[in-house]
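The lines below spell out each chain.
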Amino acid sequence: MTFRWLRRAGAPRLEYGADYNPEQWPREVWDEDVEAMRTAGVTIVSLGIFSWARLEPADGEYDFGWLDDAMDLLHANGILVDLATATASPPPWLTTAYPEILPVDREGRTLWPGGRQHWRPTSPVFRRYALRLVRELATRYAAHPALAAWHVNNELGCHNVYDHSSDAASAFRDWLRSRYGTLDALNEAWGTAFWSQRYGEWDEILPPRLAATHPNPGQQLDFKRFSSAVLKDYLIAERDILRAVTPEVPVTTNFMVMGETKAMDYADWAAEVDFVANDHYRQPGPRSRDELSFSANLTGNLAGGRPWFLMEHSTSAVNWQPVNLAKRPGELERDSLTHVAHGADAVCFFQWRQSRAGAEKFHSAMVPHAGTDSDLFRTVSALGARLRELAFVAGAPRTRARAAIVFDWTSWWAGEQDSHPTDRLRYRREALDWYTAFLDAGVRVDVVPLSAPIEDYDVVVAPILYVVPAGLGKRLSAYVENGGHLVTTYFSGIVDENDHVWLGGYPGAFRDLLGIRIEEFAPLLDDERVRLDNGTTGTLWTDRIDVTGPGTEVLASYASGDAAGRPAITRRGVGAGSATYVSTRLGPDGLAPVLGDLLARAGVESELPAGLRGRVELAIRGDVRFLMNRTDEEINLTAFGPGAGPGPGPGTLAAGAVAVTES
Amino acid sequence: MTFRWLRRAGAPRLEYGADYNPEQWPREVWDEDVEAMRTAGVTIVSLGIFSWARLEPADGEYDFGWLDDAMDLLHANGILVDLATATASPPPWLTTAYPEILPVDREGRTLWPGGRQHWRPTSPVFRRYALRLVRELATRYAAHPALAAWHVNNELGCHNVYDHSSDAASAFRDWLRSRYGTLDALNEAWGTAFWSQRYGEWDEILPPRLAATHPNPGQQLDFKRFSSAVLKDYLIAERDILRAVTPEVPVTTNFMVMGETKAMDYADWAAEVDFVANDHYRQPGPRSRDELSFSANLTGNLAGGRPWFLMEHSTSAVNWQPVNLAKRPGELERDSLTHVAHGADAVCFFQWRQSRAGAEKFHSAMVPHAGTDSDLFRTVSALGARLRELAFVAGAPRTRARAAIVFDWTSWWAGEQDSHPTDRLRYRREALDWYTAFLDAGVRVDVVPLSAPIEDYDVVVAPILYVVPAGLGKRLSAYVENGGHLVTTYFSGIVDENDHVWLGGYPGAFRDLLGIRIEEFAPLLDDERVRLDNGTTGTLWTDRIDVTGPGTEVLASYASGDAAGRPAITRRGVGAGSATYVSTRLGPDGLAPVLGDLLARAGVESELPAGLRGRVELAIRGDVRFLMNRTDEEINLTAFGPGAGPGPGPGTLAAGAVAVTES
Amino acid sequence: MTFRWLRRAGAPRLEYGADYNPEQWPREVWDEDVEAMRTAGVTIVSLGIFSWARLEPADGEYDFGWLDDAMDLLHANGILVDLATATASPPPWLTTAYPEILPVDREGRTLWPGGRQHWRPTSPVFRRYALRLVRELATRYAAHPALAAWHVNNELGCHNVYDHSSDAASAFRDWLRSRYGTLDALNEAWGTAFWSQRYGEWDEILPPRLAATHPNPGQQLDFKRFSSAVLKDYLIAERDILRAVTPEVPVTTNFMVMGETKAMDYADWAAEVDFVANDHYRQPGPRSRDELSFSANLTGNLAGGRPWFLMEHSTSAVNWQPVNLAKRPGELERDSLTHVAHGADAVCFFQWRQSRAGAEKFHSAMVPHAGTDSDLFRTVSALGARLRELAFVAGAPRTRARAAIVFDWTSWWAGEQDSHPTDRLRYRREALDWYTAFLDAGVRVDVVPLSAPIEDYDVVVAPILYVVPAGLGKRLSAYVENGGHLVTTYFSGIVDENDHVWLGGYPGAFRDLLGIRIEEFAPLLDDERVRLDNGTTGTLWTDRIDVTGPGTEVLASYASGDAAGRPAITRRGVGAGSATYVSTRLGPDGLAPVLGDLLARAGVESELPAGLRGRVELAIRGDVRFLMNRTDEEINLTAFGPGAGPGPGPGTLAAGAVAVTES
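Residues numbered from 1 in each chain as written. Chains lettered and ligands numbered in written order. Predicted model: local features only at pLDDT ≥ 70, side-chain atom pairs only at ≥ 80, totals over all residues. Heavy atoms only, no water.

Attention shifts here to the overall build of chain A. Looking only at helices and strands, chain A features 17 helices and 25 strands. Its C-alpha radius of gyration of 26 Å places chain A within 12% of the 26 Å reference for a compact globule of 663 residues. Dimensions along the principal axes, computed over C-alpha positions, put chain A at roughly 75 × 75 × 45 Å. In chain A, which comprises 663 residues, the proportion classed as buried is 67%. (Helix = DSSP H or I, 4+ residues; strand = E, 2+ residues; numbered from the N terminus. Rg over C-alpha atoms; globule rule 2.2 N^0.38 Å. Buried < 20%, exposed > 50% of the residue type's maximum accessible area, 1.4 Å probe, protein only.)

Written as structure tokens, this is what we have:
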């Protein structure tokens, strides 16, 4: 597949815009809209995301006039359109006629209309109707000059990814038949010899619905795989229609790489779109900024270093958190440019004009309820200007770091299933701990999917890599043997792709590579902490580690708790390479010495002068260095003269601000 | 409609009694009952509340003999009867024959028999059977001399107000058709252009059942309106039968003005009964006593100042709270007389004799398990005597205060819906904060429904008045222009009756009146607090306020947090009147200076001598002053001589006690 | 019924083993298994627990070959088999063909396959299929020389005890008809005069499904009784087939006497098995060890002092708790021998070899994932050797203590129902408080079912004995009159067997015996504590006690709170006997003085030297004394010479270890 970025002419630029929902407003407001868009510097809008009921008010009756009008108006004002296929929410007439479209949750409860996304990903009826609309839209607007890209559906899987209906059961069986070929293979993979679960016919298999106790873990894990795959199939179904009608128009859909949204394996999806797009919303808390950077970083690597599209974020507060904080001065620009720093060539919002009514009326927008005469609109316009200044960045590739954190949806899914040593384990939190430790050290790191080529990185961190098929184990061993420095953590290398334990002592897949053997896990209660003899403190987990050879160094030992005296952190040198194991949750501060040691061994140094490390985040795209102030203080950049290392040049960087310099 | 109080002869008196359930006891106990009732001073009992299964043991077969007996016995002993229509809980034979009577909750779960009130308010079958019973009862007892009033059903809506069944869906559509006339109007009101929700046929509309995400807020709000209205319709249906059969017998039903019971808009119901009756139970906590007074006060104003009936409260512990506290010495009298002070002409309990069996056997009663030889029965009898002493109060009107707190169910419902700036906001808690601040200041205040005439009050407090239709905005502006002093708070004046935001800057409906403009809300996290420069502390919420004209004074500004330096409390003078805005939750202590200033400006002074303010609550009925001790200490009333202001006269007031003096 | 212990020849011994699931492993592993079993000292395994799907892969098609092989292999290696009837989990083909087998929970949700135990105890279809399998198995293996016992199903009721399906409704009606005979009797027992619940036909009765509010307490309590009874019936149904086919082979099933597992009234079940077997798993926390001892003690008394079988516990961590702690060194032996000390003649585990796959793969086993070359397997083997050394204990009866704590499922069930004075009350926790107080005092106590003969005990503790039928009240009074010392607590003696309150003042059933009368309960809020004048502190509950006669002593009074000055602990002497009442939760430390006083009065002394009391637990079987170290320190036993009382002999007792000496 050839990569395609937006269909448009002209010099490189950073696109700027929002979801635009003119159907919520009288026609006269549209003229004000486009004028204000020009003031703000808007170059593109997403149109029609939730317009099905308006476009097709009754079965087979279409009303495209208003959309023609909107497309023409935007084009006349030089604004591109990312046109949605409008299939995100089925209209009332459709679910009334076919209630079998509605999803059914794990407890057997129907999810009714009233909100959005109330459709079964596997419903044949839904597909028939939705794909018919896609074809109509594609045909009608194929030649429209405003059309810059197609936007498939919207936030696929946000609410409906896990459907337990009869349609889902049937599709699950088909998927399993395709995965396993025979029932014997499935019975073996799922370990159905346990608890009298052996299947004799395919039709006996069901989704993991509410059960008397924990359902089979293989069934659970495969249902997660299936649910992600079947939504990807739906994405492909829409895409294929669009490609057939308009082969020259790129197709995307908005991912949700953020926080605990975990059901869609975007590493598996990314190849199916012509360019990656992402939605990102921050959650309050001390790690909020780092999490944004982590997500942007991962999104950039899902995109393979190519330009990507920040399809949604917010100008200020959202409406769906328990308490929805307004953004502080500077946050909007800082957040936006952090995405740009990690490769985004577009900065867009939900939404252009804040709704007067509906479930998201208190979600901020580019034009707030207060109107264009408002601080927020002025900030939005200033950001538009800043993006125009930075147009030269557009298209520049992300510059690879020397270190990587690998991120794997399968280990995320499987590692957090029930019936484990502890239910407190959180995969993404551990990954973020490492990310923050890198930021604190002032060292750039790439967050990459497991499928990415890791061989060129000097340092690879693989946190909680619970699922390690045989091939992956070999690949990581080869990486180390070839001089790479690998670090992994507690509950890594435990099972194969079927969630079957590697026997003989943990971590079975990495026992030889790490030169250790663990007979028992020893997770900690919520209020338990253990001291390490390097002065750090562990929580959540410990292991009873035995070192299995002279090549394994003990970097730190437990100094308290039941494991006192046993190794806590080990490293086995393998030629020029090394394999490090961290057996407890240390948090960013506790990881600092481990990481420092590892980077020193790998010869990876900070690209920042000493005084800036930890205080700013550095990201590099092509010739451009982005410096994001991580602190609440102004940083004097002039203090870092030429002798202090590669300084960012003179000037100061306000709290939470971003500087862009030449590399 | 002409107001009718109890049908009875004789001098004014305060009625005293309880629910009486003789069917739970052998016949010989009844004789003990009436004797003990006379000892206790009981004048009235509610009979037959849950007697349907006993009165109609099989479809169309009636057994009234035992009830005849009970009515005759009570009459022979001079005890009046508030006769229930017995429709509160359908008998097993009915729900077995017609399971379609059973309510269905939001998640699609049937609510089965076993408890009580398991009927759909909209069920045609239930109505047919229940109204048949009402007619039978009314006809049979129309001429009975004990009959003093009719008691419709019981605690309408306590458990079954929100029914999502197919009956409810059908009735909801009828109600909406009547409200909106056309689907276009409904689509506009609900903002269905958002999320592809446009309805093409009435039959597509459903109650807000469990959805993939938050249902449409208009659908939610109208379902709340509908659910209250449809129960009121049921009340009217019973009432109309009773009125037709016994036009001279007044009809009531027991409201539940208390705590977080919020689904029934009693301001809308009050006109449908011949006299208002209320049930009130206290919840533990430091504001428990104030909440009781608040509820009694509001009930009195729902009754328009006319006598009302305290239909249920408890002699001591209840059974349905997590921990059910017994009442301390004095509490029973203090609680009862606080209701009387706010206009109650009857003090009744659930129930007369504590049950031996059933779900409420650990709910206290006038005759406890221990029997009549008990402290509790002696306390109950003493209260009966005290009520006889206070008979002269009966019929006296509540004496209006000079200040009012307006209370509005629509803002309560809509203001606490999901997808708002914070889900921590609590409407009634803010109103109670103000009420406590008035009590602390020793100033009487009326808690009145929004429909009450507020024009004669010098001060009106409208906390969190989120929903402000255009007419209401004008009414409140006129109130200020005519010299009134209005104070409102954060999240007031935000939307119209359809939950559509007033645009142009918050609070849209009050922007001109208050002389401020807010571009963004800034709610606070749970552990966040902001200091104000007047020494008080805000929680929950802040606003980014701009003062829009020279007429607006800043009474206090934020001294910490993101809004530091911005106004926190403002006042705009309008001729002799003023409009004050409080942008954060201050709590009773923090409201004290704001309120003090407001009262001074309005010339409203405490009617208590300085030393009593805050320590006692004052309420006035006709010529009678009630002084309720709010403290845990004895208060020496003699210390307040004539020179100290309008003193209550000599004597002392024990902790938690009540004094009654001439005005 | 004659008691039958295992069918085997040879000298007395303590059996040792585990659940063995060879069907989860390739055939070649089986040979390793039996070799390792011999190393570990395994003498018996439970086979076929979850093998239905393997034994009957399709309706009526059996595959016993593999089981023949396993039985033969075990027999060849001298290992006995406790053969399961394999009915614990129905195979997929059965629930696919008959979905009406699946249980339905209180909320109407079907419990689907995927886990285990997804069958309705009352399903006629399930019974037909399951009992057919039992007969097949019994016939096939009747003569097998390895067969030592039959294991009915597995952990009956662990997940499916409360089924609300139509099958359950029908069976519930049958059970009620049998219990009550007439509807009048049922209506009276359930108090259906309350809330219009009078039943006119048996078919109107339902299980206590989700209701609008709390269902009838009689209905709830009888449903608990029914649910326990109907599972017992199922146990009997399997047992009767087994007995008919192999009258000489004893039948058991594994109880779950542990923690909050409360739905099965094992006191009612115990007589139905040929020997009692139990599963026990510890929960983390400071009382964890005492809880284990409590459960073992109770199990031993359910077995009537006869040998019992510890069917399951864990070698180390389990997999189903939030955080699953590994066992510390010594814990495995200490836990195992504590069961032996209380009468267990077998120590078995779930399971032999840790699974590679399935829901319990992280549950520890005798052979861990690490294999036999592991600390855990060496510890397991050492325990096997220790059990062989202790073989002489086998068959020895438990030696009765002089004090007993009575344990009653009915009071547990009824006492913790809703709509009570507090929902914080926990029956078993109060019983465990007393047990710990006995351990702290170094005095042996038996935990006995209420049906046990208590007449020979000098001291009987009856905590929270809420349900007291008239006969029981008389029995306890007679016990005291005959010189016994009875102590009971708050919320005892309140209701009869129908949950009807004993009138006239609490505790109605014990008022005369205790010489007190309580008019009102006064439970405490979570953060409330009251001081007693003996220096102890009460939580949870207080009573307003009046002493009713000169024979009642006040042992301690409240010194704070609303009850200050009133009695907190009372005792009435009755001849040589006495009846003590404790009206608040004191916890083990607060109970110490009460218990000390009681024991002194009864002349019950510790059998331990003073220095050992509280530090070790003493249990006696026949001639053997078990000393379990309760501390984290080594205890020097030599310090207790002959002069110090009955010492355990020379030597030291490591932290958490167990010593066995002659009595």
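Here the focus is helix α15 (residues 470-481) of chain B. Residue and element names in this part refer to chain B. With 12 residues, α15 extends 17 Å between its outermost C-alpha atoms, agreeing within 8% with the 16 Å of an ideal straight helix rising 1.5 Å per residue. Turning to α15, its buried residues are Leu472, Gly473, Leu476, Ser477, Tyr479 and Val480. An end-on view of α15 places all buried positions within 155 degrees of arc, on one side of the element. More than 90 degrees from the buried face of α15, the exposed residues found are Lys474 and Glu481. Looking at the buried residues of α15, the elements they touch are β12 (459-462), β13 (485-489), α16 (511-514), β19 (567-574) and β20 (577-582). Trailing α15 by a residue or two, glycine 483 shows a phi angle of about 100 degrees, which is positive. (Expected span 1.5 Å × (residues − 1). Arc of directions from axis to C-beta. Contact = heavy atoms within 4.5 Å.)

Residue and element names in this part refer to chain C. Pairing is antiparallel in the open sheet, where 3 strands are placed in the order β21-β22-β25. Looking at the sheet topology across the chains shown, the edges are occupied by β21 (616-621) and β25 (658-662). Averaged over all pairs of adjacent strands, the angle between their axes in this sheet comes to 20 degrees, without regard to strand direction. As paired strands, β21 and strand β22 (residues 624-629) are joined by 6 bridges and run antiparallel to one another. Looking at the pairing, alanine 619 lines up with phenylalanine 626 of β22. The sheet strands contacting helix α11 (residues 331-341) are β21, β22 and β25, and the helix crosses β22 at an angle near 145 degrees. (Pairing = 2+ DSSP bridges. Axes fitted to C-alpha atoms, helices over the stretch in contact; angles between N-to-C directions.)

Looking now at the relation of the copies chain C and chain B. When chain C is fitted onto chain B, the two copies agree to an RMSD of 0.0 Å after a turn of 120 degrees and an axial shift of 0.0 Å. Between the two chains, the operation in question is that of a three-fold axis. Proximity to the rotation axis, assessed at the C-alpha, singles out Arg109(C) in chain C; its C-alpha lies 5.0 Å from the axis. (Least-squares fit on C-alpha atoms with pLDDT ≥ 70 in both.)

With that settled, the discussion passes to the interface of chain C and chain B. Across the contact, 52 residues belong to chain C and 51 residues belong to chain B. Interface area, chain C with chain B, both sides summed: about 4400 Å², of which 58% is carbon and sulfur. Considering only the side of chain C, the residues that lose the most area to chain B are Phe194(C), Trp195(C) and Ser196(C), jointly responsible for 16% of the buried surface there. Counting across the interface, chain C meets chain B through 3 salt bridges. On inspection of chain C and its partner chain B, the count reaches 22 residue pairs in polar contact (both at pLDDT 80 or more). (Buried area = accessible area lost by both parts, 1.4 Å probe. Salt bridge = Lys/Arg side-chain N within 4 Å of Asp/Glu carboxyl O. Polar contact = N/O pair within 3.5 Å; in protein donor to acceptor, adjacent residues only side chain to side chain.)

Our next topic: the pattern of salt bridges. Using the criterion set out here, one finds 157 salt bridges over all chains in the structure. A salt bridge links Glu32(A) to Arg353(A); the shortest N-O distance between them is 4.0 Å. On the criterion of sequence distance, the pair formed by Glu32(A) in helix α1 (residues 27-40) and Arg353(A) in the loop between β9 (344-349) and α12 (375-389) is long-range, its members being 321 residues apart. We note a salt bridge from Arg571(A) to Glu553(A), for which the minimum N-O separation is 3.2 Å. Separated by 18 residues along the polypeptide, Arg571(A) in strand β19 (residues 567-574) and Glu553(A) in strand β18 (residues 552-557) bring together distant segments of the chain. Given a relative accessible area of 37%, Glu553(A) falls into the partly exposed group. Linked by salt bridges that have partners in common, Asp105(A), Glu107(A), Arg109(A), Asp105(B), Glu107(B), Arg109(B), Asp105(C), Glu107(C) and Arg109(C) make up one network.

On the chain A side, the residues contacting the 52 residues of chain B number 51 residues. Summed over both sides, the interface of chain B with chain A buries roughly 4500 Å², with 58% coming from carbon and sulfur. Considering only the surface of chain B that becomes buried against chain A, Phe194(B), Trp195(B) and Ser196(B) emerge as the three largest contributors, covering 16% of it. Summed over the shared surface of chain B and chain A, the number is 4 salt bridges. With its nearest N and O atoms 2.4 Å apart, the salt bridge here joins Arg109(A) to Glu107(B). Remark: the boundary between chain B and chain A carries 22 residue pairs in polar contact (both at pLDDT 80 or more). For the side of chain B that touches chain A, the element with the most residues is strand β14 (residues 516-521) of chain B, which contributes 4 residues. Its residues assigned to classes, the side of chain B that touches chain A shows 23 nonpolar, 13 polar and 16 charged. (Nonpolar A, V, L, I, M, F, W, Y, C, P; charged D, E, K, R; others polar.)

Let us now look at the pairing of strand β3 (residues 80-84) of chain A. Residues and elements named next belong to chain A. Within β3, 5 of the 5 residues are buried, which leaves it mostly tucked inside the rest of the structure. Residues Leu80, Asp82 and Ala84 point to one face of β3 and Val81 and Leu83 to the other, with burial holding for every one of them. As paired elements, strand β2 (residues 44-47) and β3 share 4 bridges and run parallel to each other. Residue pairing across strands places serine 46 opposite aspartate 82, the latter belonging to β3. One ladder, built from 4 bridges, connects β3 with strand β4 (residues 147-151); its direction is parallel. Within β4, the position partnered with alanine 84 by the bridge is histidine 151.

With that settled, consider the pairing of strand β9 (residues 344-349) of chain B. Residues and elements named next belong to chain B. β9 sits mainly inside the fold: 6 of its 6 residues count as buried. One ladder, built from 4 bridges, connects strand β1 (residues 15-20) with β9; its direction is parallel. Note on β9: the bridge partner recorded for alanine 18 is phenylalanine 349. Following the chain from strand β8 (residues 308-312) across helix α11 (residues 331-341) to the adjacent parallel β9, one finds a crossover that is right-handed. (Right-handed = clockwise from strand over helix to strand, strands pointing away.)

What follows is about the sheet that holds strand β25 (residues 658-662) of chain A. All names here are of chain A. Taken in spatial order, the 3 strands line up as β21-β22-β25 in an open sheet, and their pairing is antiparallel. At either margin of the open sheet sits one strand with a lone partner, and together these are β21 (616-621) and β25. Direction aside, neighbouring strands of the sheet carry axes that sit 20 degrees apart on average. Bridge count for strand β22 (residues 624-629) against β25 is 5 bridges, and the pairing is antiparallel. By the bridge assignment, methionine 628 is partnered in β25 with valine 658.

The next thing to look at is the state of the cysteines. One pass over the structure, following the stated rule, counts 0 disulfides over all chains. No disulfide involves Cys158(C); its sulfur sits 18 Å from that of Cys348(C), the nearest cysteine. (Disulfide = S-S within 2.5 Å.)

The omega torsion across Tyr506(A) and Pro507(A) is -20 degrees, close enough to zero to call that bond cis. Relative to the elements of secondary structure, Pro507(A) occurs in the loop between β13 (485-489) and α16 (511-514). Look at Asn153(C): it is not a glycine, yet its phi comes out positive at around 50 degrees. Here Asn153(C) lies in the loop between β4 (147-151) and α6 (166-180). Of note in this structure, Asp499(C) is not a glycine but carries a positive phi near 65 degrees. For Asp499(C), the location among the structural elements is in the loop between β13 (485-489) and α16 (511-514). Owing to a relative accessible area of 2%, Asp499(C) belongs among the buried residues under this scheme.

This paragraph deals with the packing of helix α1 (residues 27-40) of chain C against helix α12 (residues 375-389) of chain C. All names here are of chain C. Contact geometry of α1 with α12 gives a least axis separation of 8 Å together with a crossing angle of 55 degrees. On the basis of their axis angle, the class for α1 and α12 is oblique. Of α12, the residues touching α1 (which contributes Ala36, Thr39 and Ala40) are Phe377, Val380, Ser381, Gly384 and Arg388. Here the contact of α1 with α12 is composed, by residue class, of 4 nonpolar, 3 polar and 1 charged. (Parallel < 35°, antiparallel > 145°, perpendicular 65-115°, else oblique.)

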